[in-house]
Amino acid sequence: MLEPFLLRALLAGFGLAIVAAPLGCFVVWRRMAYFGEAVAQAALIGVALSLALALDVTAGVLFVTLLMSGLLLLLSRQQAVPFDSLLGLLAHAALAVGVIAAALIRGPQVDLMAFLFGDIFAISQADLAWIYGGGAVALAALAFVWRPLLSLAVHEDIAAAEGTATEQAKVVFILVLALVVAIAIKIVGALLTIAFLIMPAAAARPLARTPEQMVVIAALCGMTGVAAGLYLSFALDTPGGPSIVLVLAGLFAAAIVPSVVRR
């Protein structure tokens with residue numbers, strides 16, 4: 001019989017793995033890892049804001065990640081600075097602002113390590129409600145724009161020429177990314193959230209023949225990483241979030257090495 005805190009951790013990890021799978025696939029297909037990293041690191045500002053105003057942490061993080069996503073969407077249209085350079089600048093600036101803001105909060109000392117790297121064993125019933133409720137909304141939104149997003153992933157200009165609603169699909173994708181980052185913060189933390197999104201999708205890519213197969217395999221990889229990572233963490237007394245990401249990295253290596261050797 002699993003301890004209640006371990007069962008909650010397992011349920012939270014499985015829920016996040018299922019939600020992150022299709023989103024991570026699009027992040028990989030569209031090469032948006034830096035975009036996701038900028039949004040994830042901005043989440044720490046939301047943590048500081050929530051603690052300062054005594055708000056729910058997930059709600060505060062969601063508010064800030066939505067603002068950052070909208071800002072990035074606007075900045076992607078400028079031509080003065082290469083967008084990847086701009087993403088790197090904003091990601092590190094957001095992380096610095098979040099750490100300083102959290103350090104300046106009056107009252108009990110803020111455990112920055114928990115927000116940077118996650119504390120999956122501290123998941124509560126309310127957190128599970130956020131994960132599964134927000135996850136259901138995210139999956140429904142992705143299902144609604146699945147075909148337009150696939151067209152964008154293949155070739156954005158051709159998709160636009162064929163009449164695909166590219167801007168609407170981009171907005172929905174960015175909103176969903178912000179939502180998933182917000183609900184992932186407590187599990188794997190701001191610094192590891194994007195790894196949880198990318199690694200299962202990257203591991204699934206060499207094994208899948210269709211986009212739908214890649215999503216299913218990514219979800220299975222994510223759930224396997226959660227179960228094995230929690231076992232590793234519980235057995236060796238290591239942090240939960242990093243242990244999960246380490247297992248996911250091993251799954252990626254196991255999936256990619258045979259392909260590299262064959263080539």
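For the structure, see preceding data.
Given the structure is predicted, the values throughout are model-derived calculations rather than measurements.

Thresholds applied
- Residues numbered from 1 in each chain as written.
- Predicted model: local features only at pLDDT ≥ 70, side-chain atom pairs only at ≥ 80, totals over all residues.
- Heavy atoms only, no water.
- Phe/Tyr/Trp six-rings, centres within 6.5 Å; stacked < 30°, edge-to-face > 60°.
- Helix = DSSP H or I, 4+ residues; strand = E, 2+ residues; numbered from the N terminus.
- Buried < 20%, exposed > 50% of the residue type's maximum accessible area, 1.4 Å probe, protein only.
- 1 Å grid on protein atoms, 1.4 Å probe; cavity = no way out; pocket = protein on both sides within 12 Å on 5 of 7 lines; lining within 4 Å.
- Points joined across faces, edges and corners; volume = space filled by probe spheres on them.
- Nonpolar A, V, L, I, M, F, W, Y, C, P; charged D, E, K, R; others polar.
- Polar contact = N/O pair within 3.5 Å; in protein donor to acceptor, adjacent residues only side chain to side chain.
- Contact = heavy atoms within 4.5 Å.
- Salt bridge = Lys/Arg side-chain N within 4 Å of Asp/Glu carboxyl O.

Trainee: Outline the packing of aromatic side chains, listing residues and values.
Mentor: Aromatic rings considered in pairs are described by the distance between their centres and by the relative angle of their planes. Per the counting criterion, the structure on display carries five aromatic pairs. With 6.3 Å between their ring centres and 45° between their planes, F5 and F234 make a pair best called tilted. Pair noted here: F5 is in helix α1 (residues 4–29) and F234 is in helix α10 (residues 211–236), with a separation of 229 residues, a long-range link. Classification of F5 by relative accessible area gives partly exposed; the value is 28%. Residue class for F234 comes out exposed when judged on its relative accessible area of 52%. Plain terms: the ring middles of F26 and W146 are 5.2 Å apart, the flat faces sit at 75° to each other, and that makes the pair edge-to-face. You can see F26 sitting in helix α1 and its partner W146 sitting in helix α7 (residues 146–154), a full 120 residues away along the chain. The residues F26 and W146 share a single accessibility class, namely buried.

Trainee: Run through empty space enclosed by the protein, naming residues and quoting values.
Mentor: As enumerated under the stated definition, the model contains one cavity of 30 Å³ or more in all. Taken as a whole, the largest cavity spans an internal volume of roughly 70 Å³. Breaking the lining of the largest cavity down by element, the ones donating at least two residues are α3 (57–75), α6 (125–144) and α9 (166–204). Of the residues that constitute the lining of the largest cavity, the class distribution is eight nonpolar, one polar and two charged.

Trainee: Hey, could you go over the side chain of S69 for me, with residue numbers and the actual values?
Mentor: Residue placement: S69 occurs in helix α3. A distance of 2.7 Å separates a polar atom in the side chain of S69 from the backbone oxygen of T65. Not counting chain neighbours up to four residues away, the residues in contact with S69 comprise F35, V39, I174 and A178.

Trainee: Give me the pattern of salt bridges: which residues, what numbers.
Mentor: One pass over the structure, following the stated rule, counts one salt bridge. Across the pair E212 and R147 runs a salt bridge whose closest N-O atoms are separated by 3.8 Å. One end of the pair, E212, is in helix α10; the other, R147, is in helix α7, with 65 residues separating them in the sequence. E212 gets classed as partly exposed once you look at its relative accessible area, which sits at 35%.

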